[in-house]
Amino acid sequence: MLPVVALACSSHYEYAIEEFCLAKFKLDMEGLDQQHWCSWDDTVVSYLELTNCTFLVAMKMNCFWPNRLVDEFFIRIHRHYFHDCSPTGRLLHDPPNRVLGPFIIVPVLVTLLMTALVVWRSKRSEGIV
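Residues numbered from 1 in each chain as written. Predicted model: local features only at pLDDT ≥ 70, side-chain atom pairs only at ≥ 80, totals over all residues. Heavy atoms only, no water.

Side note on a nonpolar patch on the surface
Next up, step 1: On the surface, L100, I104, I105, V108, L109 and L112 cluster together to form a nonpolar patch covering roughly 550 Å² of accessible area.
Next up, step 2: Residue position: L109 is located in helix α4 (residues 97-124). (Patch = residues over 30% accessible without salt bridge, like charges linked within 9 Å, V, L, I, M, F, W, Y side chains within 5 Å. Areas by Shrake-Rupley, 256 points an atom, 1.4 Å probe, with all protein chains shown as cover. Salt bridge = Lys/Arg side-chain N within 4 Å of Asp/Glu carboxyl O. Helix = DSSP H or I, 4+ residues; strand = E, 2+ residues; numbered from the N terminus.)

Okay, structure coming up:
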């Protein structure tokens, strides 16, 4: 009897999470500017609500959770909304100037210092044979 429950669960469960869970998530994501889709701070509440919704629907329908349908559902969500995001979930941006500055200034100063040292040594050694 378990396979019959599992088969009935799959078709109805998939429809239920599409109708009840995905609809709310789509509205939440449409309310965000697309540039903020990769910001975890901006999407965490909607994403957790979506996850919780799939769990509650599964429990109400006596389905196992997580299951293959939930995995496929979230893969579709990620392919649509989060395909351009970095693996860490953070928006990529330049470091602040106080961090970036030393990485630029130090090599420039070392290059100038080494050039001055080579010129000074070459002028000093001209008289020495």
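Re the packing of helix α2 (residues 40-60) against helix α3 (residues 68-81)
Next up, step 1: At a minimum axis separation of 12 Å, α2 and α3 run at an interaxial angle of 160 degrees. If you check the angle between α2 and α3, you find them roughly antiparallel. Our pair here, α2 against α3, has a crossing hand that is right-handed. Mapping the contact onto sequence places Y47, L50, T51 and T54 in α2 and F73, F74, I77 and H78 in α3. (Axes fitted to C-alpha atoms, helices over the stretch in contact; angles between N-to-C directions. Parallel < 35°, antiparallel > 145°, perpendicular 65-115°, else oblique. Left-handed = near helix turned anticlockwise from the far one by under 90°. Contact = heavy atoms within 4.5 Å.)

Examining the nonpolar core
Next up, step 1: With 23 residues, the main nonpolar core has Y13, F25, I77 and F82 as its most contacted residues.
Next up, step 2: Elements with a contribution of two residues or more to this core: α1 (2-31), α2 and α3.
Next up, step 3: For this core, the element with the most residues is α1, which contributes seven residues. (Core = buried A, V, L, I, M, F, W, Y, C linked by side-chain atoms within 4.5 Å. Buried < 20%, exposed > 50% of the residue type's maximum accessible area, 1.4 Å probe, protein only.)

Quick word on the side chain of S46
Next up, step 1: Structurally, S46 can be placed in helix α2.
Next up, step 2: Ignoring sequence-local partners within four residues, the contact set of S46 consists of F25 and D28.

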